[in-house]
Amino acid sequence: MDRYVMPRHLSQEQQTKIADLLSAHPPQEVILVQPHRCEEASSYRSDFHTALTKGGWKIKTVEISDDIGEGVTLHSRAPIVTGGDSDDKPLQILGDALRSAGVAITGTGSGRGQRDTEYLLYLKIGRRRMDDNDLILKEEIKQQIGELQKQLKRTD
């Protein structure tokens, strides 16, 4: 909690940008994944849920997982295709839409297996990243608050 700065949210502008870009493509089903007992990630996931459905894409399910990394990641699973098209267009489209709205994606991956019977697209909303950039930002915010408090004292 000490390193926590601000909860993540998608602005209305970001949600609209994602929705507009997704609506230009055939609708897909997305599985949203969030960590267990993390209200901040759950709230952020809700923002993505709104943006995706506004873009005409369907939320297949929301999964809770303790095995999820930090940040926002994209992943797909598909059956092994022999002699067919193996493009992962939905993953690419979703990634492009998120990046164009300024969403930092910490990882992307895809896999194919004999047990896979359908294409599955995952948007995983992990816990907020707590790296050195967060510490730097926290210090900058503390300095700004200190300056504002000084200005308030001068105006009293």
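Reading guide: rules and limits
Sequence order as written defines the numbering, with residues in each chain counted from 1. With pLDDT at 70 or above as the cut-off, local features in this predicted model cover only qualifying residues; side-chain atom pairs require 80 or more to be listed or tallied, and sums for whole chains, interfaces and linings still use all residues. Just so you know, side-chain values use all the structure's heavy atoms and leave hydrogens and water out. The salt bridge criterion pairs a side-chain nitrogen of Lys or Arg with a carboxyl oxygen of Asp or Glu, the two atoms within 4 Å. For two strands to be treated as a pair, DSSP must find no fewer than two bridges joining them. Think of it this way: any DSSP run of H or I at least four residues long counts as a helix, any run of E at least two long counts as a strand, and we number them from the N terminus. Fitting a line to C-alpha atoms yields each axis, with helices limited to the stretch in contact; the angle taken between N-to-C directions then spans 0 to 180 degrees. Pairs of residues are marked as contacts when any of their non-hydrogen atoms sit within 4.5 Å.

Student: Is there a simple way to explain the pattern of salt bridges in this structure?
Tutor: Side chains carrying opposite charge are able to pair once their charged atoms draw close together. Within the structure shown, the criterion is met by six salt bridges. Three or more residues are tied together by salt bridges with common partners; here these are Glu29, Lys58, Lys60 and Glu118.

Student: Can you help me understand the sheet that holds strand E4 (residues 105-113) in this one?
Tutor: What links the strands of a sheet is backbone hydrogen bonding, and the strands pair in either a parallel or an antiparallel sense. Reading across the sheet, the five strands line up as E2-E1-E5-E3-E4 and stay open at both edges, with mixed pairing between neighbours. Unpaired on one side and paired on the other, strand E2 (58-65) and E4 mark the two borders of the sheet. Each strand of the sheet is rotated relative to its neighbour by a mean of 20°, with strand direction disregarded. Along the sheet face, helix H2 (residues 39-54) touches strand E1 (29-35), E2, strand E3 (72-79) and strand E5 (120-125) and points at about 170° away from the line of E1.

Student: Please explain the pairing of E2 as it appears in this structure.
Tutor: Strand direction decides the pairing type here: E1 and E2, joined by seven bridges, are parallel. Paired with Glu29 across the bridge in E2 is Lys58.

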